[in-house]
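# Chain and residue survey
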Amino acid sequence: MSGIRFNFPAPELDQSIYDLRSEVRTFLREEICNDRFTPVTDCWCAGVDLDFSRKLGQKGWLGVTWPKQYGGRELSALHRYVITEELLAVGAPVHAHWIADRQSGPLILSSGTEDMKRNILPRIAAGECFFALGLSEPEAGSDLASVKTRARKVDGGWEITGTKLWSSGAQHCQYMTVLARTSDPLEGKRHEGLTQFLVPLDSQGVAISGIRDMSGLMHFNESHFDSVFVPDDSVLGKVGEGWKQITSELALERSGPERFLSTFIVVEHALVRAASDLDARQAAIVGGIIARVRALRAMSLGVAALLESGKSPDVEAALVKDLGTRFEQDVVERLRAFRPILWKSGNGDVLDDLMTDSLLRQPSFTLRGGTNEVLKGIVARGIGLR
Amino acid sequence: MNETDLLILDAAERLLSDICTTEAAVRYEQGQVPEDLANAILDSGLPLAWVPEEFGGVGGSLALGFELIRKAASFALPLPLAETLVANLLLAVSGLTVPGRWTALGYDGGELPVAVRGEVNGTIEMASGAHEASVIVVPVLEKGHLRVASFAPSTIDMEHRRNLAGEVRTRIILRSAIPSQLSGRIENLTEDGLRQFCALLRAVQIVGALDRVGELTLDYVAERKQFGRALGKFQAVQNRVADIVGETALAGAAVQQAVRTVSNAERPLRGDRSTAIAIASAKFVAGEAAQKVPENAHQAHGAMGFSYEYPLQHFTRRVWSWREEFGSEFYWSEYIGELIQDEVQSGHGDSVLGKAWDLATR
């Protein structure tokens, strides 16, 4: 018996992590008491507040794991974990910097040029430079290797042409990391010949237009690249190895607290209304939510601990995302026992707005960053069924 | 766990895979105690894992004992190893003599019998392990304090029944019963703490059994062919197996976390709030998995999994029993909700906002 029994070890939490948590909590409590931000459901995808991002930068809470010379603090991934989960738990508006801090910064660190590291990383860490992901396309969703965006080699650089879809927040980002085909797919080797580029969004030939989602929010974008020139040193990593880069980042991307906390703030506000007088059914519902969130967090921290110790827990990470995203959807349904979801958002009642926004945003949870069908496929492969 | 713990686990695994077949579970359900298996386990000293060395035990960690329990459940061990471990622990912490045979746990999470001037009165609806045991261990209340009593089986009224997994559960009626041993007050043991500890025991067993349900399913869908290919090649079936793996992993993570919390607690049987919430969560999540995992496993197995012959059903019936014992999902989720309400009401203007997160991270 070993193949399908997974281990989720406890991460090593030293005093500095406890201190950091209480520092972040104190700061957030003060921000909330002084109404400096409005709590947002799905805040890491829907809550944009550039001032707030800058404030986190000033606090030194962005890019914390990066080398000091690039604006980081050389703290552990667990320090970052604690910061991000505290922010998510209060629905803080963290979308603007989220991708840059989680993904693009680390990508630049591992695959970028020295110039990029010097010029861009300190600005990300300061909460002033934001990134969007250029992965999906009109014809390429779950089947990402079928992207049609081309990068053609020209004198001194590359010329990118194509359309990227669903890139969140591109309207306020300075950069997009764009996955493009740099050579034709060979039979049976379609994952080769893909390359990631760093593209400044103010480049000539870039046109971005917003797409409204069913909740009414305009955070998605369609980004057109019409013969956009980028110099040779915009290539992230090696030409043709973009796929490997993207898949190697996935364990980190899939197992974080944003995969089960997107709607947690709604639980808090439902409790604010009802906690002094819960009936038995409500007590059971909220108790069940707490129990599941604790279990998911134990899993997610377990994956973080495995990553810290140099392992690659891809299957475990896929499990966290599959279970976690379904859970954060389920939270909304269960909380209907506290309050019916009746009204269009914007009536000024915090709980009503959070409930409505959560319900209307939750279909995206099990799609973004790899659909749950794709995730189950990863699990099936991991246990030898594929 | 240290090196010795790992060696013990290794030996236990070998012992169980050699002689603990589901045939033993079948025989046990027909009323025959599998003597070879019983003697081998007693001889191995495993039931004494939680008994300190100075009382003749192994002196193993709580983590070791829970891992043994998980392992035993993954073999559907038809003997009260888990119950004996706890009963022996209770004897040891209360300074009573620990026998070398099976020991029954005369406790089911319900009301405790009451001791007055050395006589015990009360009813235990679902004692476990009482069929094989040479000693019945019963936690009792005297003037609001816990003591531990032990009885020789021949001296008390017992009515054996079987839970839906076929495990013996016994109604014990104590009428002015005189214990063969009665401890003094035990300060580091509370009724809440004991209930929680036993709930964790069942949660760990559920996860152990589910480990095996996943293994059986994976093997079955890899071998069974329909429409010209293995069932496991169909995406619909793969998704079910992935769900089995996921729910088991989730319950496993919750249980691991609860075991860590209990292991790190200064007084693990006192039932403080941080162990309470960890265990409540573990039993809740394990209880939910006890529904979801068998549902998917049986669907993947087709009619074969429904037959008595095939091993799956032993594990299914066990997790369906264990999820009810020492508090179901319904009990423990409400317990957590009430804990929140309680803290809010006694919070003296402390902000409610953040309470849920506080409990999620405590």
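Residues numbered from 1 in each chain as written. Chains lettered and ligands numbered in written order. Predicted model: local features only at pLDDT ≥ 70, side-chain atom pairs only at ≥ 80, totals over all residues.

### Overview of the overall build of chain A
Applied cut-off: Strands here mean DSSP runs of E at least two residues long; helices mean DSSP runs of H or I at least four residues long; both are numbered from the N terminus. As defined in this context, the radius of gyration uses C-alpha atoms, and a globule is described by 2.2 Å times the residue total to the power 0.38. Think of it this way: build a C-beta for each residue from its backbone, and any pair within 7 Å is a contact.
Along chain A, the regular secondary structure elements total 13 helices and eight strands. Here the C-alpha atoms of chain A give a radius of gyration of 21 Å, agreeing with the 21 Å that 2.2 N^0.38 yields for 386 residues. Dimensions of chain A along its principal axes, counting C-alpha atoms only, are 70 × 55 × 45 Å. Restricting the contact set of chain A to residue pairs at least 6 apart, pairs at least 24 apart contribute 75%.

### Considerations on the nonpolar core
The cut-off we apply is this: To count as a nonpolar core, a set of buried Ala, Val, Leu, Ile, Met, Phe, Trp, Tyr and Cys residues must be joined through C-beta atoms within 7 Å. Three classes are used. A residue is buried when 20 or more other C-beta atoms lie within 10 Å of its own, exposed when 12 or fewer do, and partly exposed in between, with C-beta atoms placed from the backbone.
Judged by nonpolar contacts, the single largest core of 241 residues is most densely connected at Phe197 of chain A together with Ile136, Ile206, Leu250, Ala254 and Ala286 of chain B. No other element matches the 17 residues that helix α10 (residues 280-308) of chain A contributes to this core.

### Looking at the UniProt feature "domain: Acyl-CoA oxidase/dehydrogenase middle" (unreviewed entry) in chain A
Note the following rule: UniProt positions are given in the numbering used here, feature names are shortened, and annotations may be inferred rather than shown by experiment.
Following the UniProt record, one finds the feature "domain: Acyl-CoA oxidase/dehydrogenase middle" (unreviewed entry) at residues 132-226 of chain A. End C-alpha atoms of residues 132-226 of chain A are separated by 18 Å, and the span's content is 0% helix alongside 49% strand.

### Regarding the UniProt feature "domain: Acyl-CoA dehydrogenase/oxidase N-terminal" (unreviewed entry) in chain A
As annotated by UniProt and renumbered to match this structure, "domain: Acyl-CoA dehydrogenase/oxidase N-terminal" (unreviewed entry) occupies residues 20-128 of chain A. Helix makes up 64% of residues 20-128 of chain A and strand makes up 0%, while its end C-alpha atoms are separated by 22 Å.

### Section: the domain arrangement of chain B
Residues and elements named next belong to chain B. Test applied: All domain edges in this entry derive from an automatic or database-based domain assignment. Amino acids are sorted into nonpolar (Ala, Val, Leu, Ile, Met, Phe, Trp, Tyr, Cys and Pro), charged (Asp, Glu, Lys and Arg) and polar (every other residue, Gly among them).
What the domain assignment reports for chain B is domain 1 (3-182) and domain 2 (191-343). For domain 1 versus domain 2, the distance between C-alpha centres works out to 22 Å. Taken together, the contact pairs 26 residues of domain 1 with 26 residues of domain 2. Here the side of domain 1 that touches domain 2 takes nine residues from helix α4 (residues 62-74), the largest share from any one element. Across the side of domain 1 that touches domain 2, the residue classes break down as 17 nonpolar, six polar and three charged.

### Points about the packing of helix α9 (residues 264-274) of chain A against helix α12 (residues 350-361) of chain A
Residue and element names in this part refer to chain A. Quick note on the threshold: All axes are obtained by fitting lines to C-alpha atoms, using only the stretch in contact for helices, and the reported angles, taken between N-to-C directions, cover 0 to 180 degrees. Crossing chirality is assigned from the near helix's rotation relative to the far helix, an anticlockwise turn below a right angle marking it left-handed and a clockwise turn marking it right-handed.
Axis separation between α9 and α12 bottoms out at 10 Å; the angle between their running directions is 150°. When the axes of α9 and α12 are compared, the crossing they make is left-handed. Contact with α9, carried on its side by Ile265, Val266, His269, Ala270 and Arg273, involves Val350, Leu351, Leu354, Met355 and Ser358 of α12 and no other residues of that element. Residue composition of the contact of α9 with α12, by class: seven nonpolar, two polar and one charged.

### Brief notes about the UniProt feature "domain: Acyl-CoA dehydrogenase/oxidase C-terminal" (unreviewed entry) in chain B
As annotated by UniProt and renumbered to match this structure, "domain: Acyl-CoA dehydrogenase/oxidase C-terminal" (unreviewed entry) occupies residues 201-321 of chain B. End-to-end, the C-alpha atoms of residues 201-321 of chain B are 13 Å apart, and along that stretch the chain is 76% helix and 3% strand.

### Considering the packing of α4 of chain B against helix α5 (residues 81-93) of chain B
Residues and elements named next belong to chain B. Stated precisely, the cut-off is as follows: Oblique is the label for any angle not under 35 degrees, not over 145, and not in the 65 to 115 range, which are roughly parallel, roughly antiparallel and roughly perpendicular in turn.
Packing of α4 against α5 leaves a shortest axis separation of 9 Å and a crossing angle of 160°. It follows that α4 is roughly antiparallel to α5 by the angle criterion. Seen along the crossing, α4 lies across α5 with a hand that is left-handed. Judged by residue contacts, Gly65, Ile69 and Ala72 of α4 engage Leu81, Ala82 and Leu85 from α5.

### Regarding the pairing of strand β4 (residues 175-181) of chain A
Residue and element names in this part refer to chain A. Stated formally: For two strands to be treated as a pair, DSSP must find no fewer than two bridges joining them.
The buried fraction of β4 is high, at seven of seven residues. Side-chain alternation along β4 places Tyr175, Thr177, Leu179 and Arg181 on one buried face and Met176, Val178 and Ala180 on a second face that is also buried. Where β4 and strand β5 (residues 194-200) come together, seven bridges link them in antiparallel fashion. Within β5, the residue paired with Val178 across the bridge is Phe197.

### Looking at the interface of chain B and chain A
The interface of chain B with chain A comprises 43 residues on the first partner and 42 residues on the second. Elements that contribute at least two residues to the side of chain B that touches chain A include exactly α6 (191-223), α7 (235-264), α8 (273-301), α10 (329-345) and α11 (355-361) of chain B. Considering every element that reaches the side of chain B that touches chain A, the biggest residue donor is α7 of chain B, with 14 residues. Taken together, the residues of the side of chain B that touches chain A sort by class into 22 nonpolar, 15 polar and six charged.

### Considering the environment of Asp10 of chain B
Its place among the elements puts Asp10 of chain B in helix α1 (residues 3-19). For the pair Asp10 of chain B and Leu68 of chain B, spaced 58 residues apart in sequence, the C-alpha separation works out to 9.8 Å.

### Let's talk about the domain arrangement of chain A
Residues and elements named next belong to chain A. The domain architecture assigned to chain A consists of domain 1 (15-129), domain 2 (133-241) and domain 3 (249-382). Between domain 1 and domain 3, the C-alpha centre-to-centre distance is 21 Å. In this complex, domain 1 contributes 18 residues to the contact, which on the side of domain 3 involves 18 residues. Contributions of two or more residues to the side of domain 1 that touches domain 3 are made by α2 (43-46), α4 (77-89) and α5 (95-111). In terms of residue count, α4 provides more of the side of domain 1 that touches domain 3 than any other element does, seven residues in total.

### Considerations on α1 of chain B
Residue and element names in this part refer to chain B. Applicable threshold: Here the expected length of a helix is defined as 1.5 Å per residue gap, with one fewer gap than residues. This arc is taken over the directions from the axis of the helix to the C-beta atoms.
For α1, which comprises 17 residues, the first-to-last C-alpha distance of 25 Å matches the rise-based estimate of 24 Å (1.5 Å per residue) to within 8%. Listed as buried for α1 are Ile8, Ala12 and Leu16. Along the axis of α1, the buried positions cluster into a sector of 65°, meaning they face one direction only. Residues of α1 that are exposed and angled more than 90 degrees away from the buried face: Glu3, Leu6, Leu7, Asp10, Arg14 and Asp18. In this fold, the buried residues of α1 make contact with α4.

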